[in-house]
Amino acid sequence: MTADKNKQFITFCGNSIKVPNNPNIPFIQGDGIGPDIWQASVKVFNAAVKKAYKGKREIQWQEVYAGEKAYNKFGEWLPQDTIDAFKKYIVGIKGPLTTPVGGGIRSLNVALRKSLDLYACIRPIKWFLGVPSPVKQPQDLNVVIFRENTEGIYTGIEFENGTADTEQLKDILRELFPNEFAKMRFPDSSGFSLKLISREGTERIMRAAINYAIKNNRKTITIVHKGNIMKFTDGAFCKWAYNLAEREFSNKVYTRNQWNRTKTEKSVDAANEEQELSLKAGELLIKDVIADIAFQQTLTRPKDFDVIVTTNLNGDYLSDALAAQVGGVGISPGGNINFETGMAIFEACHGTAPKYANKNVVNPSSLILSGELMLRYLGWDQAADLIIKGLGGAIKSKKVTYDFHRLMDNGIKVTTNEFGDEVINNM
Ligand code: NAP
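Because the structure is predicted, anything quoted here is derived from the model rather than measured.

Caption draft 1: Inspection of the sheet that holds strand β11 (residues 253-256) at higher detail. Spatially, the 11 strands line up as an open sheet ordered β4-β3-β5-β15-β14-β6-β7-β13-β10-β12-β11, and their pairing is mixed. Strand pairing shows two members of the sheet lacking a second neighbour, β4 (60-63) and β11, which therefore form its edges. Averaged over all neighbouring strand pairs, the angle between strand axes comes to 25°, with direction disregarded. Two elements, strand β6 (residues 120-126) and strand β14 (residues 333-337), share 3 bridges in a ladder whose sense is antiparallel. Each residue of the ladder has a partner; that of I122, found in β14, is G335. Running over the sheet, helix α4 (residues 80-89) touches β3 (24-28), β4, β5 (91-94) and β15 (344-348) and is turned about 145° from β3.

This is the structure we're talking about:
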């Protein structure tokens, strides 16, 4: 209580956050390469804020624990104190956390997002001049992915093959839904996962995407789904997303609903849709595409995509696939936000890359840009702009970490820490 007296809290009133000049912000360093990228990034954040506001504003960083560090310190992977701290301080940032495959602890990231109901995972993906890319025109891709973060196949409701619960579930299915049970190819050796997609869950992510698109003068939203196969989950996601747009934003959106062609279909070249409709400022075209072809078209016709809204697993795959076009996960930021409570955790999008841990070699750009997103969320745009300027300058000067260096002609290889200094030098 006494300690809290000296702290400044971000608050959420109505529909926006209120940020004091010296907010307390919790951070998790993360596992593996987490400490390496945190050391390089935090000095960039502090330098940007100092330069932008000349000492009038300063972040009070507060370390909280999760992952291996928490386990070693407290015997718990995700202590309740950490969840409570994010609730109390509203906005936070984190590095990557380890998740074992096929057993052991469940994903700490998923647990954190679920306990704070951070339903919108936002991943802006755009190219910085000079970043090595596997495509010819990486500048053509400039998208923001809104991935639904709490539902889909990530609900964590899973039944392991061979357990009593799974046998019971199978008995129920066999008895009550014999036709569905008959569709199972190898029921005796199957594990089960429940995929849930709700109307409320769909509507809130779609609403967030539309509000973002209008505020940031984006022109189209593409709903990416597998509704042709999974009609009552992905198909419903697509339908509910269109319905929400037509109901709540009717004076701002045009819809090209391929599931309801009679209503809006025009025979126009997809690449010229916006021009064809002569969208005015603040107006949006909403369309949809099936997930598999989305992976092709984001590569072959990247300019067709602007804001993408999609389900949890589709969004997970698509985010990393698109990040590859602009330089990889090492330079791809993310934020997890609940727009109804204001709570947000910004995070590096890559994993813990254990083979590089404590070597001071990896690229800190993903976390640096996640901090940039965080500063923009706080409304500290001048500091955020300085980070973009600094990062762009550092890359242009070709002083880069190993991942870019190995793909660049005449690059100068620098450490994680030195790259942070380069960003600061170029602000
Ligand atoms: P990863 O840690 O992202 O590493 C895969 C590869 O990506 C690395 O070997 C490296 O490629 C490249 N890479 C990742 N971060 C980089 C950086 N900062 N700079 C340059 N290159 C970078 O993925 P993973 O090996 O699949 O996962 C390892 C662990 O991380 C798992 O436990 C997983 O569950 C966890 N994970 C956590 C999060 C999260 O906390 N949000 C996200 C994803 C995965 P090269 O080998 O080619 O250099």
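Now that the structure has been shown, we can carry on.
Caption draft 2: Region of interest: the packing of helix α14 (residues 365-378) against helix α15 (residues 381-396). In the contact formed by α14 and α15, the axes pass within 7 Å of each other and the chain directions differ by 155°. Put simply, α14 runs roughly antiparallel to α15. For the pair α14 and α15, the sense of crossing is left-handed. Between α14, through S365, I368, L369, E372, L375 and R376, and α15, the contact on the second element is made entirely by D381, A383, A384, D385, I387, I388 and L391. In terms of residue class, the contact of α14 with α15 is built from 8 nonpolar, 1 polar and 4 charged.

Caption draft 3: Focus on the pairing of strand β10 (residues 220-225). Counting buried positions along β10 yields 6 of 6 residues, so the element is predominantly enclosed. Every second residue of β10 is oriented toward a common face, with T220, T222 and V224 on one face and I221, I223 and H225 on the other, all of them buried. In the sheet, β10 pairs with strand β13 (residues 307-310) via 4 bridges, with the strands oriented parallel. Of the residues in β13, the one forming a bridge with I223 is V309.

Caption draft 4: Spotlight on α4. When we look at burial in α4, the residues that qualify are T82, I83, A85, F86 and Y89. For α4, the buried positions fall inside an angular range of 155° around the axis, keeping them on one side. Count one or two residues on from α4 and you reach I90, which has phi positive near 70°.

Caption draft 5: The side chain of S370, seen in detail. Relative to the helices and strands, S370 is located in helix α14. Judged by relative accessible area, S370 falls into the buried class, the value being 0%. In this structure S370 touches I93, P333, G334, F346, E347 and A348, once residues within four positions along its chain are discounted.

Caption draft 6: Expanded view of unusual backbone geometry. Although it is not a glycine, N217 adopts a positive phi angle of roughly 55°. The topology assignment puts N217 in the loop between α8 (199-215) and β10. We note that N410 has phi near 60°; this positive angle belongs to a residue other than glycine. With respect to the helices and strands, the residue N410 is situated in the loop between α16 (402-405) and β17 (412-413).

Caption draft 7: Fine view of the site of the ligand. The local shell around the ligand holds 22 residues, among which L97, G351, A353, Y356 and Y402 are the closest. Here an oxygen atom of the ligand sits 2.9 Å away from a polar atom, N or O, in the side chain of N109. Here an oxygen atom of the ligand and a side-chain polar atom of Y356 are 2.7 Å apart. In isolation the ligand offers 880 Å² of accessible surface; the protein chains occlude 69% of this area.

Parameters at a glance
Residues numbered from 1 in each chain as written. Predicted model: local features only at pLDDT ≥ 70, side-chain atom pairs only at ≥ 80, totals over all residues. Heavy atoms only, no water. Pairing = 2+ DSSP bridges. Helix = DSSP H or I, 4+ residues; strand = E, 2+ residues; numbered from the N terminus. Axes fitted to C-alpha atoms, helices over the stretch in contact; angles between N-to-C directions. Contact = heavy atoms within 4.5 Å. Parallel < 35°, antiparallel > 145°, perpendicular 65-115°, else oblique. Left-handed = near helix turned anticlockwise from the far one by under 90°. Nonpolar A, V, L, I, M, F, W, Y, C, P; charged D, E, K, R; others polar. Buried < 20%, exposed > 50% of the residue type's maximum accessible area, 1.4 Å probe, protein only. Arc of directions from axis to C-beta. Near = heavy atom within 4 Å. Polar contact = N/O pair within 3.5 Å; in protein donor to acceptor, adjacent residues only side chain to side chain. Areas by Shrake-Rupley, 256 points an atom, 1.4 Å probe, with all protein chains shown as cover.

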